[in-house]
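# A closer look at the structure
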Amino acid sequence: MMIDQELVRCVTLLTQSKTYWIDGTLYRYLTCSDSIQHTQYYFRPLPHQSKRVDLKLNRDKVLRRCYEIPSLYRCSELQT
């Protein structure tokens, strides 16, 4: 089964109502740090994923490794 995924093109479009695929695991976006320089973006794995700890990525890693899963929109809110 192939799941549609779109590479995140802008960190300002990250939202808690979307589901993200990063390195084979589904995550929900939590927040970003307040630092203007070296901002960090925090993600929490959805239930029943192999990863259990929150993930922290910088802007460049988000833009290279983070995919939005449109078919799972709002799914992350329902499973928390």
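All values derive from a computational prediction rather than experimental measurement. (Residues numbered from 1 in each chain as written. Predicted model: local features only at pLDDT ≥ 70, side-chain atom pairs only at ≥ 80, totals over all residues. Heavy atoms only, no water.)

### Details of the pairing of strand β2 (residues 19-22)
- The sheet contact formed by β2 and strand β3 (residues 25-32) spans four bridges and is antiparallel. From the neighbouring strand, Ile-22 faces β3, where its bridge partner is Thr-25.
- In sequence, β2 turns back onto β3 through a hairpin of two residues, with Asp-23 there showing a positive phi of about 50°. (Pairing = 2+ DSSP bridges. Helix = DSSP H or I, 4+ residues; strand = E, 2+ residues; numbered from the N terminus.)

### Remarks on the environment of Arg-64
- Following the sequence through the fold, Arg-64 ends up in helix α1 (residues 59-65).
- Sequence spacing of Arg-64 and Arg-9 is 55 residues, and the spatial spacing of their C-alpha atoms is 8.7 Å.

### Regarding the packing of aromatic side chains
- One pass over the full model with this rule turns up four aromatic pairs.
- Ring geometry for Tyr-27 versus Phe-43: centroids 6.5 Å apart, planes at 75°, classification edge-to-face. You can see Tyr-27 sitting in strand β3 and its partner Phe-43 sitting in strand β4 (residues 40-45), a full 16 residues away along the chain. Here Tyr-27 matches Phe-43 in class, with each residue buried.
- By the ring-pair criterion, three or more aromatic residues cluster together here, those being Tyr-20, Tyr-27, Tyr-29 and Phe-43. (Phe/Tyr/Trp six-rings, centres within 6.5 Å; stacked < 30°, edge-to-face > 60°. Buried < 20%, exposed > 50% of the residue type's maximum accessible area, 1.4 Å probe, protein only.)

### Overview of the pattern of salt bridges
- As enumerated under the stated definition, the model contains four salt bridges in all.
- Between Arg-59 and Asp-60 there is a salt bridge whose closest N-O contact spans 3.4 Å.
- Given a relative accessible area of 45%, Arg-59 falls into the partly exposed group.
- By relative accessible area, Asp-60 is classed as partly exposed at 43%. (Salt bridge = Lys/Arg side-chain N within 4 Å of Asp/Glu carboxyl O.)

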